[in-house]
Amino acid sequence: MDKRKLVLVGNGMAGVNCIEHILKLKEQSYEITIFGTEPHPNYNRIQLSYVLGGSSKFEDIVLNDWDWYEKNNIHLYTGHTVTKINHENRVVHTNKGVVESYDELILATGSNPFILPIPGAHLSNVISYRDIKDCEKMIEASKTYKKAAVIGGGLLGLEAARGLLNLSMDVTVIHVMDTLMERQLDPTASKLLQAELEAQGMKFRMNAATEELIGEDRVEGLRFKDGSVLDADLVVMAVGIRPNVELAKEHGIEVNRGIVVNDYLETSVPNIYAVGECAEHRGIVYGLVAPLYEQGQVLAKRLANVETKPYEGSVLSTKLKVSGVDVFSAGEFIDQPDTKAYRFQDDFQGVYKKVLVKDETIIGAVLFGEIDEGVRLFQMIRNGAHEKELKTIFSRTNTEKESGAPQVISMADEELICGCNGVSKGTIVQAINELGLDSVESIKGCTGATRSCGGCKPLVQDLLQCTLGDKFQKVEKEPICSCTTLSRDEVVEAIRAMKLTSTKEVMNVLEWNQENGCSKCRPALNYYLGMAWPKEYEDERTSRFVNERLHANIQKDGTYSVVPRIYGGVTSPEQMRKIADVADKYEIPMVKITGGQRIDLLGVKKEDLPNVWADLDMPSGYAYAKALRTVKTCVGENFCRFGTQDSIQMGIDMEKRFERLWTPHKVKMAVSACPRNCAESGIKDIGVVGVDGGWELYVGGNGGVHLRGGDLFIKVKTREEVLEWSAAFVQYYRETAKYLERTSHWVERVGLEHIQEVLKDEGTRAELIKRMDEALESSKDPWKEAIEERSVRQMFEKVTVS
Amino acid sequence: MRVSTLIKIGTIDEFQVNVGKLVEIEDHAIAVFRLAERQFNAVENRCPHKGGPLAVGIVSGDFVFCPLHDWKIDLKDGNVQAPDHGCVRKYDVTIEGEEVFITL
Ligand code: SRM
Ligand SMILES: Cc1cc2nc3c(=O)[nH]c(=O)nc-3n(C[C@H](O)[C@H](O)[C@H](O)COP(=O)(O)OP(=O)(O)OC[C@H]3O[C@@H](n4cnc5c(N)ncnc54)[C@H](O)[C@@H]3O)c2cc1C
Ligand code: SF4
Ligand code: FES
């Protein structure tokens, strides 16, 4: 059966969110095409101000990267504006001549910034504030010019103003009303806000109507109604938005202020829908994301043929971001003759709270300076809660708060944590418990919480803490080296989320302060990248320490040592003869039995290394590497009078299983065949002890600088289980430890119980092992490689001029 | 009077970017680095600390980190970076066409 064709006009937040829902519901039902005027993949418009203010880059605010479209088989046309809809034949046309037919058509064209119809509005350096292009223009202008005027004292205007302050501009906000953000705040809160922003250096002209922008080509100033003038070489107009309805209007779709839709987001024309800021529902056009996402959910279900409640409108809440001032409002908050209010004001702390009540029902609130209760109040307002429920909020202020118990504890499961994406406390708790999530980032990935405005991040963090209890460690933030302030986890997260694929890219994108990194971060990044992308990543030799670059251990005199693999410590006369011959041939000054049950050839010259390896014809023992070193074994049941298991074979099997695997630090193993422990299994990263009828696995042991006995990890019956559990353990260590962190330190940091808890699930173990196998798949013996490949061999050569 | 001589040490493609190479000329042991397509630097292959072979150190930008105890040395002037002190001798490298020369 041919798939039905779904076309989306507008590659923005509301439209793409709706598509995401459709994919979730019925991945295969539509062939999807998206047209967008902007040349970018869908990004988070809400966070534009972070880009403007310099705390994020464009990449950070991308919501759906190019890969996402590709993975979901979506045809994406960026830089295409749809100019024509032919609903008889069900086709759309773009300005670049592309014609696409549809079965269902979604219009999500958003809004256009409103430009005041005054003289001079066309001058250069008069900018609106809507998209990334506008941000770029402002940033560019701020490099040359210093005086900025922002027309509009609403949410958008203040965000723009704050961003321009960050860019070191002198900023004046011009507002026609006498209070700021009058649509979201009552006069008291407005005044407090203004005072706070003035303290930050923002200037204000209230009650001022701009009549004209002055200038030749470029704007040079503003003239107001009262005749006064203000100099400015950059003017930002943030005076409101108008639903972008031209396309609909020209093609016979019913339009009022926005494109008129019913409770299922259907327009007046069959098979055409509208969501987002361009749509008008029951007379209301929304301009915030939360309601737009609610609309998208309903439409998605409709299009996926899943039963859905109709969309019946939304209650709004607003938070001011960016400025560092905490402001929250929701519902109705302007006092009326028939309303009463709970008020609280503390001028010393700069806190103001007001909750409006009508007929004993909570209908709205404004919070300034302290907005913790915002989420719960919002929930109450949406539910039309009785005023007596306020007690649970305001009584908390004194008691629980002092005790330090986070507010999330007292929230009900169905209460919303993330307003933008409609994610409840219950959903997040369930995700933490069932999917084993342990970071805000992973919760964002699975549930969508914190993905839009990010305001709920502290709540999500509290929730993690409460749900995981002791298992949740607020890891002290420790930068991976002095080139950055980012910790290991942040860097690895970024590598995965932004799909960074080379050390250079990591250092660029994450803004390393040393362009080329240092001897600490380069090997670490090389490891993390290889761990994250086992198949794609090409190892960077130049980012490796000499030992791992040349696959031999450098000595104090600049010569090298060579330790071939001797699996499980078992050798043969033939092997020993070969080693002896090589030692003779290359005049190797020292041949030593190591503490790891094998033989070390010390003092080999660099240029001899490839030949020594070729003559030995044995695999590398990795005695120089952050990788599996030795697996020591005792003689075991075949020889020893106490032996209960075949420790030699077990050791050989383990060494063959894990050799060549790169790890955060070196990994050593041992297998003994009884608790006498002749192979010293108690001080190995993984130590196995054979007992009657089974095996004990010890982990996190270390015989080095900080002596640590291994912890009993699990008892199992069969050799297969020994291999399975050790593989899962090693891979979990590979994925979560910091580079250069031995298992002994890692086990102490994350906790043995945590590791046991995670690995207890058979599915999780299988996944980990699968990923380990992927990493091993492309591994190759490095000595063979050096012998065979000219470019590698080159590194061992020196030039001698006589 | 000192006479300096240009000595050919090879062609450009014999040097890998960011991988040092040891060049021995008479009694000079020189670590030669190709930092970019046509940018070469060279210093004495002996760390002022305990003689570490600088040619096999990690190269980061204009710096090499000694493989033995991680001293950081600026290849532009041979100076050891703080907190350590010292310097290594620097050699001039000249490129003509595809050929690389060192000045002694
Ligand atoms: C060759 C050997 C000594 C010997 O002759 O027996 C050896 C030699 C070195 N050890 Fe070791 N260790 C050797 C067994 C051990 C053992 C015993 C064991 O593995 O059973 C230990 C304690 C057990 C452990 O690691 O838990 C050991 C604990 C260390 C440590 C401290 C590790 C720690 O976490 O505290 C280091 C330093 C490091 O890795 O950062 C180290 C580092 C080194 C290095 C690689 C130092 C270096 O970076 O240059 C030495 C290389 C010397 C050279 O010039 O080649 N070596 N080293 C042993 C090689 C075993 C093998 O066959 O691979
Ligand atoms: C600076 C700023 C801060 C904001 N802060 C917040 C906030 O804190 N909280 C909040 O909830 N909301 C905030 N918003 C509002 C929020 O971003 C919008 O409500 C939301 O992006 C609207 O989504 P949309 O999909 O309807 O429109 P958009 O995201 O604007 O997407 C519409 C897209 O369609 C494209 N398009 C239009 N016509 C066509 C055509 N004919 N053919 C092809 N493509 C077309 C447009 O180029 C645009 O990319 C903010 C907005 C801005 C600008
Ligand atoms: S571990 Fe036990 S069985 Fe093995 S050699 Fe030692 S004493 Fe013998
Ligand atoms: S020899 Fe170079 S740092 Fe010690």
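Residues numbered from 1 in each chain as written. Chains lettered and ligands numbered in written order. Predicted model: local features only at pLDDT ≥ 70, side-chain atom pairs only at ≥ 80, totals over all residues. Heavy atoms only, no water.

## Concerning the nonpolar core
Residue and element names in this part refer to chain A. Within the largest apolar cluster, 47 residues are counted, with the highest numbers of intra-cluster contacts made by Ile19, Ile85, Leu105 and Leu107. With 6 residues, helix H1 (residues 13-25) is the largest single contributor of residues to this core. Contact partners of Ile19, with chain neighbours within four places excluded, come to Leu6, Leu8, Ile32, Ile34, Trp68 and Ile74. Among the nonpolar cores identified, the runner-up in size contains 41 residues, and Ile61, Met138, Ala160 and Leu193 belong to it. (Core = buried A, V, L, I, M, F, W, Y, C linked by side-chain atoms within 4.5 Å. Buried < 20%, exposed > 50% of the residue type's maximum accessible area, 1.4 Å probe, protein only. Helix = DSSP H or I, 4+ residues; strand = E, 2+ residues; numbered from the N terminus. Contact = heavy atoms within 4.5 Å.)

## What about the interface of chain A and chain B?
Contact residues are listed per partner, giving 28 residues for chain A and 27 residues for chain B. Across the chain A to chain B interface the summed buried area is about 2100 Å²; carbon plus sulfur atoms make up 55%. Looking only at chain A, the three residues that lose the most surface to chain B are A:Ser519, A:Val799 and A:Val801, adding up to 27% of its buried area. At the junction of chain A and chain B, the tally comes to 1 salt bridge. A:Lys798 is the salt-bridge partner of B:Glu24, the closest N and O atoms lying 2.8 Å from each other. Counting the contacts that link chain A with chain B gives 13 residue pairs in polar contact (both at pLDDT 80 or more). Contributions of two or more residues to the side of chain A that touches chain B are made by helix H17 (521-532), helix H18 (546-550) and strand S37 (799-801) of chain A. (Buried area = accessible area lost by both parts, 1.4 Å probe. Salt bridge = Lys/Arg side-chain N within 4 Å of Asp/Glu carboxyl O. Polar contact = N/O pair within 3.5 Å; in protein donor to acceptor, adjacent residues only side chain to side chain.)

## Describing the sheet that holds strand S22 (residues 327-331) of chain A
Residues and elements named next belong to chain A. Taken together, 5 strands build an open sheet; the order of strands is S21-S22-S25-S24-S23 and the sheet is antiparallel. Single-partner strands in this sheet number two, and they are strand S21 (317-319) and strand S23 (340-346). Averaged over all neighbouring strand pairs, the angle between strand axes comes to 10 degrees, with direction disregarded. Sheet analysis places strand S24 (residues 351-358) next to strand S25 (residues 361-368), joined by 7 bridges and oriented antiparallel. (Pairing = 2+ DSSP bridges. Axes fitted to C-alpha atoms, helices over the stretch in contact; angles between N-to-C directions.)

## Some details on H1(A)
Residues and elements named next belong to chain A. Taking 1.5 Å as the rise per residue, H1 with 13 residues should run 18 Å; its terminal C-alpha atoms sit 19 Å apart, in good agreement. The buried count for H1 comes to 11 of 13 residues, which makes it a mostly enclosed element. Turning to H1, its buried residues number three or more, namely Met13, Ala14, Gly15, Val16, Asn17, Cys18, Ile19, Glu20, His21, Ile22 and Leu23. Buried residues along H1 sit in contact with strand S1 (4-9), strand S2 (30-36), helix H3 (66-71), strand S7 (104-107) and helix H8 (289-303). (Expected span 1.5 Å × (residues − 1).)

## Quick look at unusual backbone geometry
Backbone geometry at A:Asn125 places phi at a positive 70 degrees, although glycine is not the residue there. Looking at where A:Asn125 falls in the secondary structure, it is placed in the loop between strand S8 (111-113) and strand S9 (126-128). Taking the relative accessible area as the measure of exposure, A:Asn125 reaches 18% and is therefore buried. The phi dihedral of B:Glu26 is positive, around 50 degrees, even though this residue is not glycine. Tracing the backbone through its elements, the reader meets B:Glu26 in the loop between strand S2 (21-25) and strand S3 (28-36). A relative accessible area of 64% means that B:Glu26 is categorised as exposed.

## Considering the pattern of salt bridges
All names here are of chain A. Overall, the coordinates contain 52 salt bridges over all chains when judged by the stated rule. With a closest N to O distance of 2.7 Å, Arg282 and Asp263 form a salt bridge. Residue Arg282 is located in the loop between strand S20 (279-281) and H8, and its partner Asp263 is located in the loop between strand S18 (259-261) and strand S19 (272-274); the two are separated by 19 residues in the primary sequence. Between Arg719 and Asp653 there is a salt bridge whose closest N-O contact spans 2.9 Å. Highlighted residues: Arg719 in helix H22 (residues 719-736) and Asp653 in helix H21 (residues 647-658), separated in sequence by 66 residues.

## A few points about the packing of aromatic side chains
Residues and elements named next belong to chain A. Here the structure, examined in full by the defined rule, presents 16 aromatic pairs over all chains. Arranged with centres 5.6 Å apart and planes meeting at 25 degrees, the rings of Tyr622 and Tyr624 form a pair that is stacked. Judged on exposure class, the residue Tyr622 and its partner Tyr624 are both buried. The rings of Phe713, Trp725, Phe729, Tyr732, Tyr733 and Trp746 are connected pair by pair, giving a single aromatic cluster. (Phe/Tyr/Trp six-rings, centres within 6.5 Å; stacked < 30°, edge-to-face > 60°.)

## Examining the confidence of the model for chain B
When pLDDT is averaged across chain B, the result is 92; 97% of the residues are at 70 or more. Reported confidence for the predicted complex is 0.66 by ipTM and 0.52 by pTM. (pLDDT = per-residue confidence, 0-100.)

## Comments concerning the site of ligand 1
Residue and element names in this part refer to chain A. Around ligand 1 there are 21 residues in total, and Lys592, Thr594, Gly595, Arg598 and Lys666 lie nearest to it. Between ligand 1 and Lys666, the relevant distance is 2.6 Å, taken from an oxygen atom to a side-chain nitrogen or oxygen of the residue. Lys684 places a polar side-chain atom, nitrogen or oxygen, 3.4 Å from an oxygen atom of ligand 1. Elements with a minimum of two residues in the shell around ligand 1: strand S31 (599-604) and strand S32 (628-633). Grouping the constituent residues of the shell around ligand 1 by class yields 2 nonpolar, 11 polar and 8 charged. (Near = heavy atom within 4 Å. Nonpolar A, V, L, I, M, F, W, Y, C, P; charged D, E, K, R; others polar.)

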